[in-house]
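Reading the structure
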Amino acid sequence: MKLLAIAKKEFARFFRDRRMVISMLIPGLLIFILYSVMGSALWDEEEHYQFRVYLSGESLATEQITSLAAASDWSVEYLPAEDIAAAEAAVEEGEATALVVFSPGFDEAVLAYDGGTAGATVEIVYNSSAEDSFAFYTLASNVLSNYRQAFYVLPSDRADETSLFSSLLGDVLPFLIVTLLFSSAMSITLESIAGEKERGTLATILVTPIKRSHLAFGKVLPLAGISLIGAISSFLGVMFSMPKLVGMSLSGLVGGYGFVSYLLLFLLILSIVPVIVSAIAAVSTSARSVKEASGYTSVLMIVVMLLSIVTGFVGEMGPWVYFVPILNAVAGMQAVLYMSISLWQALAAVAVNLVFSVLLVFLIARMLSSERIMFGK
Amino acid sequence: MTDEIVRAEALRKTFTLSRKQQKIERTSERRKVAVDGLSFSVHSGEIYGLLGPNGAGKTTTLRMLSTLISPDAGDATVAGHSIVHEPQAVRDHIGFMTGELKLEGFFTPDYLFDFFGALHGVERETLALRKRELFSRFGIDKFAEVRVQDLSTGMRQKVSLVIAIVHDPEVVIFDEPTNGLDVLTAKVVTDFLLELRRMGKSVLLSTHIFSLVEKLCDRVGIIVDGRMVQDGTLAAVCGQQTLEERFFALYEELKGEVV
Ligand SMILES: Nc1ncnc2c1ncn2[C@@H]1O[C@H](COP(=O)(O)OP(=O)(O)OP(=O)(O)O)[C@@H](O)[C@H]1O
Ligand SMILES: [Mg+2]
């Protein structure tokens, strides 16, 4: 009952304060706007090239160029180059994309080629400082270097879109999530514990006959809930802007994961929240002022961020990672995204994090009963 | 059951001093005996004042009695419960007030009354009844829905006082009731304490202000350096002298002996 009263007060403190709610939701919105703007700046210009290419001589290669360009939604318009010099000038001035000059009898010469001196040449005049001209050059030279060879190299990339981008997600996402969680938990936890201690409102509660463990749980649980709201807002911001940032659709980005993957991901994220909140709560309880508490918290933040990026540097890690709080969830999230997690690993990570949080809450309860920490000079 | 609602027996509290504190106290001792074998009792229905200079150990004593800190030696009973063995029960029977205990400014008196009522485990109906009674008695109903941060110091003080007795405790312990308050707010507090006595509560307060003791207290205990120098009814302690004269006479006597 008393635990409930404490928890209700924490929620009331947050939800009745419009400014607090807004400041919790704003990071997600900002991330969305920022990433979307960055994304459109990165990707929009490249769309729809319409190449205007002067052509002298002839080869079937031109058709291959056209069809490859079409695959990227680009179009090629060939113009006969009657005056080479005028065509070159047009390229220089940006009026045409490029000039391609095939030597006479190009295709026959290529076919007849037996390894001696080359009888055929193709000249491409382009302007690498113009994006479309350079894109055309890259495309054309790609086609031409493979043109009518005795053999073809057939690259076959079996990575589908999901796993291609899962590497991006897998490395960046867990770090992002942990950082977002931490920052949304930080201000409210500091405020709710170190702030109340500094202002003397926590002492007023300590005079009442509430059990210290109930007070500790009554604080940490709602704070974790509220932090999760902030983190979800940031997370949605990331998820909806990420496709724009990397230039593909949301379903292409995450559509490859099934329900179980999402569930595991969610459980893992959920399990980090109480760890982070109770860790910040613990240092806040031990600190004498909000200032001191935020000093400790920034150290804590560095530790937590290190734990969340270390997996990127250390390749293979043994099963022991699943017993290190936070690190286990990060490794778990990555394993989910690379589709290589076993259920027991995920559950072990979640269990370890929960146990660790509960231990921290009991530590907080101990500190709340310590007269040196609560009433020391 | 005697009519001694609070009974302190040989309470002792020692603190370990930090370097900084050693400098402030001008001592090389690591340990400071803040309360040194203190015994006294508060009778039911009276206002008892602990009078002493700065550093006498008043706050330390009251904190021990309200179970915020525990004594190194000795014990005390509050409403029949030992502060050492049943701190939880003691907290059920006391209202503790000091200037250091604050209310969260974001909430209204109405909300905070219910909140602290819940922390004390007061039944909902009892709580509603008590709220109506106390709020009208102390004129809080007019600003019950205004956030504490928007109230004047006097109003805020009233709210703090009323919330300290939300659970209808037999004993109210009050450290430095009028410290740092202007005359108007101080009057709010002293009137409140007199009202409490009228309601049949027992009050234990600490102060270094002679006039406050003279105005409020039935009995007084004078403490210096953590020890009880003299206690009894005001008349018995003072004799023909004023409380101030009596205090300085005692103090000189004591310090004369020590030197
Ligand atoms: N937590 C603590 N750690 C170390 N020393 C303390 C602590 N609390 C009190 N003391 C010391 O114990 C002595 C008694 O302090 P206390 O606060 O009880 O005195 P007081 O009678 O309330 O004085 P004041 O009128 O200044 O409030 C002082 O010398 C003080 O410095
Ligand atoms: Mg004091």
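These remarks concern the structure in this document. (Residues numbered from 1 in each chain as written. Chains lettered and ligands numbered in written order. Predicted model: local features only at pLDDT ≥ 70, side-chain atom pairs only at ≥ 80, totals over all residues. Heavy atoms only, no water.)

Things to note about the overall build of chain B
Helices and strands together make up the secondary structure of chain B, namely ten helices and ten strands. A globule of 259 residues ought to have a C-alpha radius of gyration of about 18 Å, and chain B, at 19 Å, matches this closely. C-alpha extents for chain B along the principal axes are approximately 60 × 40 × 40 Å. At a minimum sequence separation of 6, the contacts of chain B that also span at least 24 residues come to 68%. About 12100 Å² of surface is accessible on chain B, with carbon and sulfur atoms providing 49% of the total. The average position of the 32 basic charges and that of the 37 acidic charges among the side chains of chain B differ by 6 Å. (Helix = DSSP H or I, 4+ residues; strand = E, 2+ residues; numbered from the N terminus. Rg over C-alpha atoms; globule rule 2.2 N^0.38 Å. Contact = heavy atoms within 4.5 Å. Areas by Shrake-Rupley, 256 points an atom, 1.4 Å probe, with all protein chains shown as cover. Lys, Arg positive; Asp, Glu negative; His and termini not counted. Charge placed at Lys NZ, Arg CZ, Asp CG, Glu CD.)

Observations concerning the overall build of chain A
Each helix and strand counted, chain A has 15 helices and four strands in total. Here chain A holds 377 residues, and 48% of them are scored as buried. For chain A, the accessible surface area stands at approximately 19200 Å², while carbon and sulfur atoms represent 65% of it. (Buried < 20%, exposed > 50% of the residue type's maximum accessible area, 1.4 Å probe, protein only.)

So, the layout of surface pockets
Quantified by volume, the second largest pocket comes out at close to 450 Å³. As for the second largest pocket, its lining consists of 15 residues, of which Met 1 and Lys 8 of chain A together with Asp 114, Ala 118 and Arg 124 of chain B are closest to the centre. Breaking the lining of the second largest pocket down by element, the ones donating at least two residues are α1 (2-15) of chain A together with α4 (109-119) and α5 (124-137) of chain B. Top element by residues in the lining of the second largest pocket is α1 of chain A. It accounts for five residues. Its residues placed into classes, the lining of the second largest pocket shows eight nonpolar, one polar and six charged. (1 Å grid on protein atoms, 1.4 Å probe; cavity = no way out; pocket = protein on both sides within 12 Å on 5 of 7 lines; lining within 4 Å. Points joined across faces, edges and corners; volume = space filled by probe spheres on them. Nonpolar A, V, L, I, M, F, W, Y, C, P; charged D, E, K, R; others polar.)

So, the sheet that holds strand β4 (residues 122-125) of chain A
All names here are of chain A. As summarised here, the arrangement of the four strands in space is β2-β1-β3-β4, forming an open sheet in which the pairing is mixed. The sheet is open, and its two borders are formed by β2 (75-80) and β4, each paired with just one other strand. Shown here is a sheet whose adjacent strand axes are inclined to one another by a mean of 25°, direction ignored. Bridge count between strand β3 (residues 98-102) and β4: four bridges; the pairing is antiparallel. (Pairing = 2+ DSSP bridges. Axes fitted to C-alpha atoms, helices over the stretch in contact; angles between N-to-C directions.)

Examining the interface of chain A and chain B
Facing the 26 residues of chain A at the interface are 25 residues of chain B. In total, about 2400 Å² of surface goes out of reach between chain A and chain B, with carbon and sulfur atoms giving 65% of it. At the boundary of chain A with chain B, the tally comes to three salt bridges. Across the pair Lys 13 of chain B and Glu 371 of chain A runs a salt bridge whose closest N-O atoms are separated by 2.5 Å. Our enumeration of links across chain A and chain B arrives at seven residue pairs in polar contact (both at pLDDT 80 or more). For the side of chain A that touches chain B, the secondary-structure elements that each account for two or more residues are α1, α7 (161-199), α8 (201-206) and α15 (371-375) of chain A. In terms of residue count, the dominant contributor to the side of chain A that touches chain B is α1 of chain A (seven residues). Split by residue class, the side of chain A that touches chain B holds ten nonpolar, four polar and twelve charged. (Buried area = accessible area lost by both parts, 1.4 Å probe. Salt bridge = Lys/Arg side-chain N within 4 Å of Asp/Glu carboxyl O. Polar contact = N/O pair within 3.5 Å; in protein donor to acceptor, adjacent residues only side chain to side chain.)

A closer look at empty space enclosed by the protein
Under the counting rule described, the total for this entry stands at four cavities of 30 Å³ or more. Taken together, 17 residues make up the lining of the largest cavity; nearest its centre are Thr 204 of chain A together with Phe 96, Leu 101, Ile 163 and Ala 164 of chain B. Mapped onto the lining of the largest cavity, the elements with two or more residues apiece are β6 (94-98) and α6 (153-164) of chain B. Of all the elements, β6 of chain B adds the most residues to the lining of the largest cavity, at five residues. Class assignment of the residues belonging to the lining of the largest cavity gives a composition of nine nonpolar, seven polar and one charged. Estimated volume of the second largest cavity: approximately 120 Å³. In this structure, the second largest cavity is lined by 13 residues; those nearest its centre are Glu 10, Arg 13, Met 20, Ile 188 and Ser 192 of chain A. Put simply, the parts of the chain that give the lining of the second largest cavity at least two residues each are α1, α7 and α9 (212-246) of chain A. Ranked by the residues each element gives to the lining of the second largest cavity, the list is headed by α7 of chain A, at five residues. Split into classes, the residues belonging to the lining of the second largest cavity amount to five nonpolar, one polar and seven charged.

Some thoughts on the site of ligand 1
Neighbouring ligand 1 are 18 residues, the closest being Glu 25, Gly 55, Lys 58, Thr 59 and Thr 60 of chain B. Around ligand 1 the close residues trace back to chains A and B. Taking Gly 55 of chain B, its main chain carries an N or O atom lying 2.8 Å from an oxygen atom of ligand 1. Between ligand 1 and Gly 57 of chain B there is a distance of 2.9 Å, counted from an oxygen atom to a backbone nitrogen or oxygen. In the complex, 84% of the free accessible area of ligand 1, which totals 630 Å², lies under the protein chains. Class assignment of the residues belonging to the shell around ligand 1 gives a composition of six nonpolar, seven polar and five charged. (Near = heavy atom within 4 Å.)

Some words on the pairing of strand β10 (residues 227-233) of chain B
Residues and elements named next belong to chain B. With six bridges joining them, strand β9 (residues 219-224) and β10 adopt antiparallel strand pairing. From the neighbouring strand, Gly 221 faces β10, where its bridge partner is Asp 231. The hairpin turn running from β9 into β10, its antiparallel successor, is two residues long, and Asp 225 in that turn takes a positive phi close to 50°.

Here we look at the side chain of Thr 179 of chain A
All names here are of chain A. With respect to the element layout, Thr 179 can be found in helix α7. Residue Thr 179 is classed as buried on the basis of its relative accessible area of 19%. A distance of 2.6 Å separates a polar side-chain atom of Thr 179 from the backbone oxygen of Phe 175.

Here we look at the pairing of strand β1 (residues 4-16) of chain B
Residues and elements named next belong to chain B. Taken together, the ten bridges between β1 and strand β2 (residues 31-43) define a ladder with antiparallel strand orientation. Along β2, the bridge assignment pairs Leu 11 with Leu 38. Of the strand pairs in this sheet, β1 and strand β4 (residues 73-78) are connected by five bridges, and their pairing is antiparallel. Each bridged residue has a counterpart across the sheet, and for Ala 8 the counterpart in β4 is Ala 76.

Thoughts on the sheet that holds β2 of chain B
Residue and element names in this part refer to chain B. With respect to topology, four strands assemble into an open sheet ordered β2-β1-β4-β5, the strand pairing being antiparallel. The two strands at the open ends of the sheet, each matched to only one other strand, are β2 and β5 (81-82). Running over the sheet, helix α2 (residues 58-65) touches β1, β2 and β4 and is turned about 120° from β1.

Focus: unusual backbone geometry
Residues and elements named next belong to chain B. Within the chain, Thr 67 stands out as a residue other than glycine whose phi angle is a positive 65°. Its location among the elements puts Thr 67 in the loop between α2 and β4. Notably, Asp 225 is not glycine yet its phi reads approximately 50°, a positive angle. Checked against the element boundaries, Asp 225 lands in the loop between β9 and β10. Taking relative accessible area as the criterion, Asp 225 reaches 42% and is therefore assigned partly exposed.

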